[in-house]
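Structural overview
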Amino acid sequence: MRQDMIVILDMGSTENTVLARAIRDLGVYSEIHPHDITMEELARLENVKGIILNGGENRIVDGQPVEVRPELYHCGCPVMAADHPTAKCEQKLDALPDEETLKEFVFGKCKAEANWNMKNFIEDQVELIRRQVGDKKVLLALSGGVDSSVVAAMLLKAIGNQLTCVHVNHGLMRKHESEDVVEVFKNQLHANLIYVDATERFLGKLDGVADPEQKRKIIGGEFIRVFEEEARKLDGIEFLGQGTIYPDIIESGTKTAKMVKSHHNVGGLPEDLQFELVEPLKQLFKDEVRACGIELGLPADMVYRQPFPGPGLGVRCLGAITRDRLEAVRESDAILREEFAAAGLDEKVWQYFTVVPDFKSVGMKNHERSFDYMVIIRAINTIDAMTATVEKVDWDVLEKITDRILAEVGNVNRVCYDMSPKPPATIEFE
Ligand code: XMP
């Protein structure tokens with residue numbers, strides 16, 4: 001392994017991620033592990049130069065006091081306790097070891113080298129993947145989102161054509177999205193890519209279904225069934241690649257006991273389809289995943305794309321999905337994205353999209369009465385998607401987008417701008 005590592009053991013702190021970032025900011029790789037990690041598991045981690053026991057107030061995890069394994073102190077590397085009041089405790093907010101203390105521990109005591117960078121991270125992961133997978137085969141659901149794309153690129157680098165990617169086009173993708181996945185991964189990177197156009201199947205299942213939760217359930221469930229069918233056609237697959245990233249495993253502030261075991265993320269594959277997981281990004285934060293993707297040579301627009309919900313345009317074509325309104329969502333979304341990019345807003349605004357409600361309004365077209373759909377534009381900023389504020393988009397930009405949507409998108413006679421923050425609204429409409 002190329003990188004030295006400081007292990008943070010979560011003893012109930014709400015600041016594990018902040019501490020991990022602080023250590024990575026010093027140039028040293030850091031991983032967060034549960035307080036009850038076994039000595040064997042610890043021994044399997046390589047190049048561990050030091051351990052920080054990161055306790056919150058009173059070392060409580062999920063209501064239970066936690067204790068340090070005494071053997072930990074004899075593991076052969078320096079151990080530091082960093083007990084601190086949690087941010088909730090008001091007297092003291094100096095929650096984390098200060099930079100000098102941290103530096104003294106990391107570099108002075110542990111003699112760690114500042115060799116954490118994406119190149120080394122990738123080399124290490126490539127080696128770990130090869131060791132884990134051997135000459136076996138790995139399957140990956142490649143949605144084209146940032147995380148699955150970066151995992152695909154990493155696995156390709158590590159094991160080449162032992163990887164099979166499956167891209168399911170549920171018919172609810174943005175304009176050109178599936179084509180881009182095929183272009184980048186199949187044509188440019190020469191991955192084994194199975195492209196499944198399941199548009200008819202999804203739209204058939206969704207026909208007449210207006211309830212948002214029902215729609216989400218159908219899309220999610222059908223997605224797993226299509227993927228499963230493809231998996232069953234393939235022989236000798238033993239591993240499943242997953243784009244799990246650190247925030248998927250543990251929300252900041254969540255205590256160890258609530259940690260979602262990453263294999264629970266597989267998402268409902270049947271019991272007889274048993275795979276071992278390969279999750280090379282599971283210790284990375286989102287910005288690091290993007291940096292990793294760039295280092296692996298993925299196009300910037302793939303790596304820096306805005307969040308896109310799993311159910312895709314299905315939750316933006318409001319109510320029961322119809323093909324004409326789905327097309328209106330897709331076309332208006334493409335125009336919005338084009339114009340935001342032209343105005344430089346794509347790098348500034350966190351998420352922006354259009355939705356089309358399932359009712360019509362009266363308008364006028366070519367001096368005649370029209371009765372058509374409306375497009376609602378939404379552009380929001382947020383840190384963590386828990387709350388969001390509305391972007392104050394320049395009026396001229398909005399006018400241009402409106403003109404283009406009205407001129408270029410069929411069945412639309414009205415464009416609105418959504419002014420609602422979250423809360424009380426949510427980011428998506430459904
Ligand atoms: P809401 O609408 O809850 O959305 O304010 C918060 C963020 O989550 C995204 N979102 C999803 N992402 N699968 C995802 O991967 C989903 O089913 C899903 N639903 C919503 C949404 O786009 C926003 O960024």
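Above: the structure in question.
Summarised in this report is the structure supplied together with it.

1. A short note on the overall build of the chain
Within the chain one finds 13 helices and 16 strands. In terms of overall dimensions, the chain has C-alpha extents of about 85 × 55 × 40 Å along its principal axes. By the burial criterion, 51% of the 430 residues in the chain qualify as buried. Taking as baseline every contact in the chain between residues at least 6 positions apart, the subset at least 24 positions apart corresponds to 77%. Approximately 20,600 Å² of the chain is accessible, and the part contributed by carbon and sulfur atoms is 50%.

2. A closer look at the site of the ligand
Around the ligand, the structure places Arg216, Pro307, Pro309, Gly310, Pro311, Trp350, Gln351, Ala385, Lys422, Thr426, Ile427 and Glu428. Note that an oxygen atom of the ligand is positioned 2.6 Å from one of the side-chain N or O atoms of Lys422. Note that an oxygen atom of the ligand is positioned 2.7 Å from one of the backbone N or O atoms of Ile427. When the ligand is considered free in solution it has 500 Å² of accessible area, and contact with the protein chains removes 67% of it. Counted by class, the shell around the ligand contains six nonpolar, three polar and three charged residues.

3. Focus on the sheet that holds strand β6 (residues 79-81)
As a general point, the strands of a sheet are linked pairwise by backbone hydrogen bonds and lie either parallel or antiparallel. Sheet architecture is open: four strands sit in the order β2-β1-β3-β6, paired in parallel fashion. The open sheet terminates on both sides in strands that have one partner only, identified here as β2 (29-34) and β6. Between one strand axis and the next, the sheet turns through 25 degrees on average, direction left out of account. Pairing analysis gives seven bridges linking strand β1 (residues 5-11) to strand β3 (residues 48-55), with the strands arranged parallel.

4. Here we look at the packing of helix α7 (residues 199-206) against helix α8 (residues 212-233)
Close contact between α7 and α8 brings their axes to 10 Å; oriented N to C, the two are set at 145 degrees. Considering how the two elements wind past one another, α7 and α8 form a crossing that is right-handed. On α8, the residues touching Arg201, Phe202, Lys205 and Leu206 of α7 are Lys215, Ile218, Ile219, Glu222, Phe223, Arg225, Val226 and Glu229. Grouping the constituent residues of the contact of α7 with α8 by class yields six nonpolar, no polar and six charged.

5. What to know about helix α4 (residues 118-133)
Taking 1.5 Å of rise per residue, 16 residues should cover 22 Å, and α4 covers 22 Å from first to last C-alpha, within 8% of that figure. Of all the residues in α4, the buried ones are Met118, Asn120, Phe121, Ile122, Asp124, Gln125, Val126, Ile129 and Val133. Where α4 is buried, its residues touch β2, β7 (137-141), α5 (146-159), β10 (237-241), β11 (276-278) and α10 (286-295). For α4, the capping residue at the N-terminal end is Asn117, with a side-chain oxygen 3.1 Å from the backbone nitrogen of Lys119. Looking at the residues trailing α4, positive phi occurs at Gly134, about 60 degrees.

6. Quick word on the side chain of Thr14
The residue Thr14 is located in the loop between β1 and α1 (16-25) in this model. A distance of 3.5 Å separates the side chain of Thr14 from the side chain of Glu15, its partner in a polar contact.

7. Brief notes about the environment of Gly243
Mapped onto the elements, Gly243 comes out in the loop between β10 and α9 (246-249). Between the C-alpha atoms of Gly243 and Val146, which are 97 residues apart in sequence, the distance is 8.6 Å. When near neighbours in sequence (up to four residues on either side) are disregarded, Gly243 contacts Asp147, Val151 and Asp248.

8. As for the sheet that holds β11
A sheet is described by the order of its strands in space; here five strands give the open sequence β9-β8-β7-β10-β11, paired in parallel fashion. Taken across any chain shown, the strands that pair with only one partner, and hence form the sheet edges, are β9 (192-197) and β11. The sheet shows a mean angle of 30 degrees between the axes of neighbouring strands, taken without regard to direction.

9. Some details on unusual backbone geometry
Only a minority of non-glycine residues have a phi that is not negative, and only a minority of peptide bonds are not trans. Omega for the bond connecting Lys422 with Pro423 falls within 30 degrees of zero, at -15 degrees, which places this linkage in the cis form. Checked against the element boundaries, Pro423 lands in the segment after β16 (412-417). In the segment running from Pro423 into Pro424, the intervening peptide bond is cis, with an omega of 10 degrees. On the secondary structure map, Pro424 appears in the segment after β16. Of note, Ala385 is a non-glycine position whose phi angle comes to about 70 degrees, a positive value. The residue Ala385 is located in the loop between β14 (368-381) and β15 (389-390) in this model.

Cut-offs used in this document
Residues numbered from 1 in each chain as written. Predicted model: local features only at pLDDT ≥ 70, side-chain atom pairs only at ≥ 80, totals over all residues. Heavy atoms only, no water. Helix = DSSP H or I, 4+ residues; strand = E, 2+ residues; numbered from the N terminus. Buried < 20%, exposed > 50% of the residue type's maximum accessible area, 1.4 Å probe, protein only. Contact = heavy atoms within 4.5 Å. Areas by Shrake-Rupley, 256 points an atom, 1.4 Å probe, with all protein chains shown as cover. Near = heavy atom within 4 Å. Polar contact = N/O pair within 3.5 Å; in protein donor to acceptor, adjacent residues only side chain to side chain. Nonpolar A, V, L, I, M, F, W, Y, C, P; charged D, E, K, R; others polar. Pairing = 2+ DSSP bridges. Axes fitted to C-alpha atoms, helices over the stretch in contact; angles between N-to-C directions. Left-handed = near helix turned anticlockwise from the far one by under 90°. Expected span 1.5 Å × (residues − 1).

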